[in-house]
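In case you want the letters, here they are:
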Amino acid sequence: MKSLTLVLPLVAMSVLLSPLDNAGAADTVSEAVYGKMPDGAEARVFTLTNANGMEAKVTEYGAILVSITVADKDGNFADVTHGYDTLEGWLTNTSYFGATVGRFGNRIANGKFTLEGKEYNLATNNDPGGIPCALHGGIKGFDKVLWKGESFENDTDRGVKLTYVSADGEEGYPGTLTTVVTYTLTDDDELIWEASATTDAPTVLNVVHHSYWNLSGDATTSINDHELTLYADHYLPTDAGLIPTGEVAPVAGTPMDFTTAHVIGARVEEDFEALKLGAGYDHAWVLSGEKDGDLTKAARLKDPETGRVMTIATNQPAIQFYGGNFLDGTVEGKGGVAYQHRSALCLETENYPDAPNNPKAPPAVLKPGETYYHKMIHAFSAE
Ligand code: GLA
């Protein structure tokens, strides 16, 4: 009897308090065990939900964006990213779906760079055109390690902060590098991805977010009918190994010109050297969009059918637009869908590919006492 009298007021209080809780962003982050890594360690998944019903899932494995639902022009939500349904699926991810890639996202020629007079050798885990290079941080890059996640929320934002300490010499890179990645989902329908890093010895880095987008929400369709704008007057032509040649070429008059919206498939098969070498679009564009403080307007992607729009702004100098040319139907992803050629695309804000070997690239070196910071805002809407 006594315990009941104590319990009842508590129940009544929590009923009274709950409407207040719901007025803020309370309970808009939840976490669950996603699965176990091969060594038995648990990987968690965080679910972020905003006031408009958007939902983003992020896992500690690879600091990966598992999914994000976006409303179309009729208010129908659908996941607009490629990936897998389970951690076991993600453990097989060789396409970098949704991943945080590092230490050095994109390619390093021959897997070699020189820093303060010393040559470093990285694994050559990729060979487009038969020319070996280091791709996306190595054999076991940031996309394949377990990060430590911690959720946060306030009235209008919620997210997850993921930390990974990469040991000195890991994947051939010098310096102990501590990287913190945050995903924030705002009530303005923005997904903000940020990476910051510090080191105890000079190193090179280019930490990159690598989601594959198909704004139709139907992963069986082609992104060739999406309309793309890249706020960039120049792009970086490459050799057959997809390494920039050093030339910074104007886009004007070429199929690389996305300064106004173009349907992706309209020019992708044109007889143009860069498109032949890339087997389609797979290049870095040098951003020249409107500035807002440190951020530059980078890209706008629209699926004309569903009206979904995604814009990207960043503090980085370039954006890699990869048109999903290596997808060939052999990878089975979410819902058992075999991801076909050009069924999704990546828009990766970053430093120039091969920056450590390119004197024209902005510096890619981080020294002790400095902080690397990369910000990327994806803003979603429908029209
Ligand atoms: C990047 C590169 C592509 C390809 C994919 C991963 O975006 O630009 O060439 O390597 O990653 O398949």
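Since we're looking at a predicted model, the values are computed, not measured.

Attention now moves to the sheet that holds strand β5 (residues 77-79). Taking strand neighbours across the sheet as the criterion, the five strands line up as β1-β2-β3-β4-β5 in an open arrangement whose pairing is antiparallel. In this open sheet, the two strands that pair with only one neighbour each are β1 (29-36) and β5. Taking each pair of neighbouring strands and ignoring which way they run, the sheet shows an average axis angle of 20 degrees. Here β1 runs beside strand β2 (residues 42-49); their pairing, made up of seven bridges, is antiparallel.

Working definition: two side chains of opposite charge can pair if their charged atoms are close together. Considering all chains together, one arrives at nine salt bridges under this definition. A salt bridge links Glu383 to Arg300; its shortest N-O distance comes to 3.0 Å. Of this pair, Glu383 sits in the segment after β28 (372-382) while Arg300 sits in strand β23 (residues 295-302); the two residues are 83 residues apart in sequence, bridging distant segments of the chain. The exposure class of Glu383 is partly exposed, given its relative accessible area of 48%. Given the relative accessible area of 26%, Arg300 is considered partly exposed. Connected through salt bridges with shared partners, the residues Glu31, Arg44 and Glu60 form a single ionic network.

With that settled, consider the packing of aromatic side chains. A full pass over the atoms with the stated rule returns 19 aromatic pairs. Seen in terms of ring centroids, Trp285 and Phe321 are 5.8 Å apart; in terms of plane orientation they differ by 40 degrees. Their pairing is tilted. One end of the pair, Trp285, is in strand β21 (residues 282-286); the other, Phe321, is in strand β25 (residues 318-322), and 36 residues separate them in sequence. Exposure remark for Trp285: the relative accessible area of 0% places this residue in the buried category. You can call Phe321 buried: its relative accessible area is 0%. In this structure, Arg267 is placed above the aromatic ring of Phe258, and the distance from its NZ or CZ to the ring centre is 4.8 Å.

Looking at the ligand, the residues that line it are Ser95, Tyr96, Arg107, Leu135, His136, His210, Tyr212, Asp282, Gln320, Tyr322, Phe326 and Glu348. Taking His136, its side chain carries an N or O atom lying 2.9 Å from an oxygen atom of the ligand. The separation between an oxygen atom of the ligand and a polar side-chain atom of His210 is 3.0 Å. Relative to its unbound accessible surface of 310 Å², the ligand loses 95% to contact with the protein. When atoms are counted within 2 Å of each cavity's grid points, the one that captures over half of the ligand is the largest pocket. For the shell around the ligand, the class distribution of residues is five nonpolar, four polar and three charged.

Another point: the nonpolar core. Counting 58 residues, the largest nonpolar core has Ile68, Trp285, Phe321 and Leu347 as the members making the most contacts within it. Once residues lying within four places of it in the same chain are set aside, the contact partners of Phe321 are Leu228, Leu230, Phe258, Ile264, Tyr281, Asp282, His283, Trp285, Leu345, Cys346 and Leu347. If you look at the next biggest cluster of nonpolar residues, it comprises 25 residues, including Tyr61, Val66, Leu135 and Ala344.

Rules and cut-offs
Residues numbered from 1 in each chain as written. Predicted model: local features only at pLDDT ≥ 70, side-chain atom pairs only at ≥ 80, totals over all residues. Heavy atoms only, no water. Pairing = 2+ DSSP bridges. Helix = DSSP H or I, 4+ residues; strand = E, 2+ residues; numbered from the N terminus. Axes fitted to C-alpha atoms, helices over the stretch in contact; angles between N-to-C directions. Salt bridge = Lys/Arg side-chain N within 4 Å of Asp/Glu carboxyl O. Buried < 20%, exposed > 50% of the residue type's maximum accessible area, 1.4 Å probe, protein only. Phe/Tyr/Trp six-rings, centres within 6.5 Å; stacked < 30°, edge-to-face > 60°. Lys NZ or Arg CZ within 6 Å of the ring centre and 35° of its normal. Near = heavy atom within 4 Å. Polar contact = N/O pair within 3.5 Å; in protein donor to acceptor, adjacent residues only side chain to side chain. Areas by Shrake-Rupley, 256 points an atom, 1.4 Å probe, with all protein chains shown as cover. 1 Å grid on protein atoms, 1.4 Å probe; cavity = no way out; pocket = protein on both sides within 12 Å on 5 of 7 lines; lining within 4 Å. Sits in = over half its atoms within 2 Å of the grid points. Nonpolar A, V, L, I, M, F, W, Y, C, P; charged D, E, K, R; others polar. Core = buried A, V, L, I, M, F, W, Y, C linked by side-chain atoms within 4.5 Å. Contact = heavy atoms within 4.5 Å.

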